[in-house]
Amino acid sequence: MGWTDPVRPHGGGRLSVRTTTRETMHRRTKAKAWRYGIYAVTIAVILVIVLKADWGKLQEAFFDPQIFADQFPKIITQAARNTLIFTFFGFSGGLALGLLLALMRLSSIKPYRWAASTYIEIFRGLPALITIILIGFVLPIALGVRLPGTYTAGSTALAMVTGAYLAETIRAGIEAVPRGQMEAARSLGMGYGQSMKTIIIPQAFRIILPALTNELVILLKDTSLLFVLGTTGATIELTKFARDSVGDTFNGTPLVAAALVYLAITLPLTRAAAYLERRGRKSR
Amino acid sequence: MTDTDDQHEQPEHHGHHPHVPHRHHDFDEHESVPVGVPAIALVGLTKSFGDLEVLKGIDLEIEPGEVVCVIGPSGSGKSTLLRCVNRLEEPTAGQVLIEGVDITDPHTDLDAMRTRIGMVFQSFNLFGHLSVRDNLCIAQRKVLKRHKHAAEAKAEEVLARVGLSEKIDEYPARLSGGQQQRVAIARALAMDPDMMLFDEATSALDPELVGEVLAVMRSLAESGMTMMVVTHEMHFARRVADRVVFMDGGFIVEQGPPDAVLGDPQHERTQRFLRQVNER
Ligand SMILES: Nc1ncnc2c1ncn2[C@@H]1O[C@H](COP(=O)(O)OP(=O)(O)OP(=O)(O)O)[C@@H](O)[C@H]1O
Ligand SMILES: [Mg+2]
């Protein structure tokens, strides 16, 4: 049975070549008709929106030049700055933690492997919001543990989540370095740790550079989750800033401004990741 | 429990090329090795991968300055044997003595011993993220703790020796296979090893590039380097080796001077292997 199936036309049984061809054609025409139908509906919807929309009102609600101008310079000097600070600390911490977890997962010592796997599974399985609330709220309230420093709680929570994701990325990178590299290093008298540090890890990071850039973009967007910590003044980041501003002005323009700032940061990064990926594929 | 041919147990050093049984490197940094101690001595060496017993009791001694070629059919355990010599592979039982020091002893400083044993791999294994210069310097700096200038001077010296001085600033990916393998040999030489292991150093190369690597290996042999060479190049073995070791099924079946083992093999398995090689 199994192996004869693929030569049979899809569920057609014993059909002559002619009927099969005609049936295929029929199916194709039907698919075509569907596609054109969808195009037509899409165009119709766009037309209705363009013709019926109240452009004046939309512009007023989302593109008010005065409100837009009012967002500056604070949206940059305060909000974007804080977003970048949280991203920086979250990513640095995540990299360090991820590297440590990756090395533990590759260790020959079983408890290390076990501990790292457990951590990774838990923090990848939980919503980032839970971790943020845990570090920022539950620890201070339930245990009286308050992390010192303005950015510490938020950055720590983000680093804990990012570290779990990066651990798997870094481990995959290390495993992608050919085994012969380690053997060559060891045969020259370099120790395991030294070989890892000077030979394997640098090459692993080259391999995973596009993936790291994507993780960075994801983290940058996840800083918006920090609004639950009631970030104000010193720590307010882009999303909270925009939301507060929308509340003050009863207008959508601050949100649009924040969106543009996000895109101004993330688009170059995603382009860079795509470029690195293409270059990586070519060089291999 | 070896299958060794006793008749050929003692290596001969009366070849017509200038192999000196003692080393005459001008750069020996190690404490001198007692006279009469073999460079490599394998005693009752066995190695199993799970249920598969790959080495079934190998006894082999290699004298300083000696060039030993190991031949044998695919899967006979040649690579495994070579990798046991610097413990890239953990022997299941038996001893590996390097210049009289047992490296299977857990108290031995394995990393220090490995600096005395250069190894060249079939797949070159140059460090792809480093220039040729850094490939040659990194272990000198990190392991031997040589200063930058000393390491670079040594790098230039060994690179000249393999005829690639002009490639010092290149990256490995921009070199031909033959050039990469010569750099890999230079990288091992930069550590001033007392002996060199070669595991099918030319098998991954296009035929037209094999010659340049064999020429480097040959000049190394002529300079008095102790060498253990796993190879399929019978011409090289015949011309350069002091001794040829034929392995099959995890045993040393036969060993002796190249003319004897390659020209007039005593064992049926050796004869069969050589017949197959020559037909190719
Ligand atoms: N890491 C390993 N795990 C399991 N089996 C292995 C491993 N390395 C080698 N072997 C097995 O050990 C046997 C000997 O392998 P080895 O590489 O030493 O042979 P070889 O003589 O070098 O062969 P070739 O001429 O093909 O290189 C083979 O059957 C091989 O499959
Ligand atoms: Mg082999």
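Now for a description of the structure that goes with this document. Within each chain, residues carry numbers counting from 1 in the order of the written sequence. Note on labels: chains are lettered from A, ligands numbered from 1, in written order. Given that this is a predicted model, residues contribute local features only at a pLDDT of at least 70 and side-chain atom pairs are listed and counted only at 80 or more, while totals for whole chains, interfaces and linings are drawn from all residues. Neither water nor hydrogens contribute to the side-chain values; these are computed over all heavy atoms in the structure.

**Structural notes on the overall build of chain B**
In this description a helix means any DSSP run of H or I spanning at least four residues, a strand means any run of E spanning at least two, and both kinds are numbered starting from the N terminus. Regarding its fold elements, chain B presents nine helices and ten strands. Accessible area is worked out with a 1.4 Å probe on protein chains only. A residue is then buried under 20% of its type maximum, exposed over 50%, and partly exposed in between. Each of the 280 residues in chain B was classed as buried or not, and the buried ones make up 57%. In what follows, a contact means two residues having at least one pair of non-hydrogen atoms within 4.5 Å. In chain B, 69% of the contacts between residues at least 6 apart in sequence involve partners at least 24 apart. Surface summary for chain B: the accessible area is close to 12,000 Å², and the carbon and sulfur share equals 48%. Every accessible area reported is derived by Shrake-Rupley at a probe size of 1.4 Å, with residue values counting cover from the shown protein chains alone.

**Considerations on the overall build of chain A**
Helix and strand counts for chain A stand at eleven helices and zero strands. Expressed as a percentage of its 284 residues, the buried residues of chain A come to 38%. In chain A, once contacts between residues fewer than 6 apart in sequence are set aside, the share between residues at least 24 apart is 75%. Carbon and sulfur atoms provide 67% of the accessible area of chain A, an area that totals close to 17,400 Å².

**Things to note about the pattern of salt bridges**
All names here are of chain B. A pair is scored as a salt bridge if a Lys or Arg side-chain nitrogen falls within 4 Å of a carboxyl oxygen belonging to Asp or Glu. For the structure on display, the rule yields 23 salt bridges over all chains. With its nearest N and O atoms 3.8 Å apart, the salt bridge here joins Asp-111 to Arg-114. With Asp-111 and Arg-114 both in helix H2 (residues 110–114) and three residues apart, the pair spans about one turn of that helix. Taking the relative accessible area as the measure of exposure, Asp-111 reaches 22% and is therefore partly exposed. For Lys-148, the salt bridge identified is with Glu-152, shortest N-O distance 3.8 Å. Taken together, the positions of Lys-148 and Glu-152, both in helix H4 (residues 148–161) and four residues apart, correspond to about one turn of that helix.

**Considering the interface of chain A and chain B**
On the chain B side, the residues contacting the 18 residues of chain A number 22 residues. Contact between chain A and chain B buries roughly 1,700 Å² in total, counting both sides, with carbon and sulfur atoms accounting for 60%. Across the chain A-chain B interface, the total number found is two salt bridges. A:Glu183 is the partner of B:Arg83 in a salt bridge, and the nearest nitrogen-oxygen pair spans 2.8 Å. Broken down by secondary-structure element, the contributors of at least two residues to the side of chain A that touches chain B are helix H8 (179–187) and helix H9 (192–222) of chain A. With eight residues, H8(A) is the single largest residue contributor to the side of chain A that touches chain B. A simple way to read buried area is as the amount of 1.4 Å-probe accessible surface that goes missing from two parts once joined, with both sides added.

**Section: the sheet that holds strand E4 (residues 93–98) of chain B**
Residue and element names in this part refer to chain B. Read from one edge of the open sheet, four strands run E2-E1-E4-E5, paired in antiparallel fashion. Each having just a single partner strand, strand E2 (52–62) and strand E5 (101–102) make up the two edges of the open sheet. If DSSP finds at least two bridges between two strands, the strands pair. Relative to E5, E4 is paired through two bridges, and the arrangement is antiparallel. In the sheet register, Leu-97 faces E5, and the bridge partner there is Asp-102. Against the sheet, helix H1 (residues 78–85) contacts strand E1 (40–49), E2 and E4, and its axis sits at roughly 120° relative to E1. Axis angles are defined between N-to-C directions and span 0 to 180 degrees, where every axis is a line fitted to C-alpha atoms and, for a helix, only to the segment in contact.

**Thoughts on the site of ligand 1**
Residues and elements named next belong to chain B. We define proximity as follows: a residue is near a molecule or strand when any one of its heavy atoms falls within 4 Å of that partner. The environment of ligand 1 is made up of 13 residues, and the closest members are Ser-74, Gly-75, Lys-78, Ser-79 and Thr-80. Pairs of N or O atoms within 3.5 Å make up the polar contacts considered here, provided that, within protein, one atom can donate a hydrogen while the other can accept it, and that residues adjacent in sequence are counted only when both atoms are side-chain atoms. In this structure, an oxygen atom belonging to ligand 1 sits 2.8 Å away from a main-chain N or O atom of Gly-75. For ligand 1, an oxygen atom lies 2.5 Å from a polar atom in the side chain of Thr-80. Protein chains shield 61% of the accessible area of ligand 1, which is 630 Å² for the free molecule. Of all elements in the fold, only E2 and H1 reach the threshold of two or more residues within the shell around ligand 1. By residue number, the principal contributor to the shell around ligand 1 is H1, which donates three residues.

**A few points about the environment of B:Gln255**
Residues and elements named next belong to chain B. Here Gln-255 lies in strand E10 (residues 251–256). Under the relative-accessibility criterion, Gln-255 is labelled buried at 0%. A sequence separation of 137 residues divides Gln-255 from Gly-118, and the C-alpha atoms of the two residues are 24 Å apart. Polar contacts involving the side chain of Gln-255 include one to the side chain of Arg-243, which spans 2.6 Å.

**Looking at the state of the cysteines**
Such a bond, covalent and formed between the sulfur atoms of two cysteines, is termed a disulfide. Note that a disulfide, as used here, is simply two cysteine sulfur atoms within 2.5 Å. On inspection of all chains with the given rule, the structure shows zero disulfides over all chains. Lacking any disulfide linkage, B:Cys84 is separated from the closest cysteine sulfur, that of B:Cys69, by 19 Å.

**Points about the sheet that holds strand E7 (residues 195–199) of chain B**
Consider a sheet: its strands pair through backbone hydrogen bonds, and that pairing is either parallel or antiparallel. Residue and element names in this part refer to chain B. Overall, mixed pairing links the six strands, which are arranged E6-E7-E8-E3-E9-E10 in an open sheet. Sheet topology places strand E6 (117–120) and E10 at the edges, where each strand pairs with a single neighbour. Here the average twist between neighbouring strands, direction ignored, is 15°.

**Description of the pairing of E10(B)**
Residue and element names in this part refer to chain B. Of all six residues making up E10, five are buried, and the element is well covered by its neighbours. Summarising the sheet, strand E9 (residues 243–248) and E10 pair through five bridges and their orientation is antiparallel. Each bridged residue has a counterpart across the sheet, and for Val-245 the counterpart in E10 is Gln-255. As consecutive antiparallel partners, E9 and E10 are separated by two residues, and within that stretch Gly-249 has a phi angle of approximately 60°, a positive value.

**Considering unusual backbone geometry**
A cis geometry characterises the amide bond from A:Phe72 onward to A:Pro73, with omega recorded as 0°. The residue A:Pro73 is located in the loop between helix H3 (65–71) and helix H4 (74–105) in this model. A positive phi angle, close to 65°, is found at B:Phe124, a residue other than glycine. Structurally, the position occupied by B:Phe124 is in the loop between E6 and helix H3 (132–142). The phi dihedral of B:Glu200 falls on the positive side, at around 45°, and the residue is not glycine. Looking at the element boundaries, B:Glu200 is found in the loop between E7 and helix H6 (207–222). On the basis of relative accessible area, B:Glu200 is assigned to the buried category, the value being 13%.

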